[in-house]
Each structure stands twice: as structure tokens, then as C-alpha cells.
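Residue-level structural notes
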Amino acid sequence: QVQLVESGGGLVQAGGSLGLSCVASGSVASRNTMGWYRQEEGKERELVAINTITPRGNTSHYADSVKGRYTISRAQDENLVELEMNTVKPEDTAVYYCYLKVAGRRETYWGQGTQVTVSS
């Protein structure tokens, strides 16, 4: 099985920064997509940022709401994904979930979720 172990999260003031990290272990193929989703209370889970390993390199995609403020990175290790959250806003408050999808497979994997709270 695949396991996703998250670290980070917590309380941060608006305008500040916060970093999240997730490590994937288990039967993880070399080609995969890792990233982050978030879920606000009373709302559906939504994509934040994902990074996909392709034969020509890594590609990243960001939600419009975080583009320019968040940075996803997998440079350190192919099974490690980090999210640098800058200039955070109160509306960034949510439970953030690490995400993994192996190329060619429909199954997705999720971390346990970590709470990020941005105070005004």
C-alpha cells in the first residue's frame, strides 16, 4: 500500500508564511502526481496545487486562488512534496490533504489532513 505522511500546518497570521511537507512510501511508481487539496468547513475538497512527473520533466498546476502565492516543490526527492504558502489569507483556512496518483491507475491516495488556520 501507499502511505502519505504529512507535516506542517498550524496557525499563522494573515500575510505570513507556512510550509507543508508530505512523504510518500510504499509501492509508488516513478511516474506520479503529488500535491495538495484543501477542504474548508461546509465545502467540498478542492485542488490547491499538484506536480506531475513526466518523461520531459515535472509540471505544476495551481488553483487560481493560490497562484502566485503558493509554491509546490518536489526537487528534494521524487516522493517528497512540499508546499510553501506565502501571503496567506483568512480564506486559506482549511484542512490540507496530501494527494498522490500513480500514472495509469485510477486509485488515489490521501494523507490524514492537516489543519491550516489563518487569523485576521
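Preceding this section is the structure that the text describes.
Our subject in this report is the structure included herewith.

**Points about the pattern of salt bridges**
Pairing is possible between side chains of opposite charge, provided their charged atoms come close. Enumeration over the complete set of coordinates arrives at five salt bridges. For Glu40, the salt bridge goes to Lys43, with nearest N and O atoms at 3.5 Å. Residues joined by salt bridges that share partners form a network here, namely Arg38, Glu46, Arg69 and Asp92.

**With respect to the sheet that holds strand β7 (residues 70-73)**
Backbone hydrogen bonds are what pair the strands of a sheet, in a parallel or an antiparallel way. With respect to topology, four strands assemble into an open sheet ordered β1-β3-β8-β7, the strand pairing being antiparallel. A strand with exactly one partner marks an edge of an open sheet, and here the two such strands are β1 (2-8) and β7. On average, adjacent strands in this sheet sit at an angle of 15 degrees to one another, irrespective of strand direction. Here β1 pairs with strand β3 (residues 18-26) via seven bridges, running antiparallel. Within β3, the position partnered with Ser7 by the bridge is Ser21.

So, how was this worked out
- Residues numbered from 1 in each chain as written.
- Predicted model: local features only at pLDDT ≥ 70, side-chain atom pairs only at ≥ 80, totals over all residues.
- Heavy atoms only, no water.
- Salt bridge = Lys/Arg side-chain N within 4 Å of Asp/Glu carboxyl O.
- Pairing = 2+ DSSP bridges.
- Helix = DSSP H or I, 4+ residues; strand = E, 2+ residues; numbered from the N terminus.
- Axes fitted to C-alpha atoms, helices over the stretch in contact; angles between N-to-C directions.

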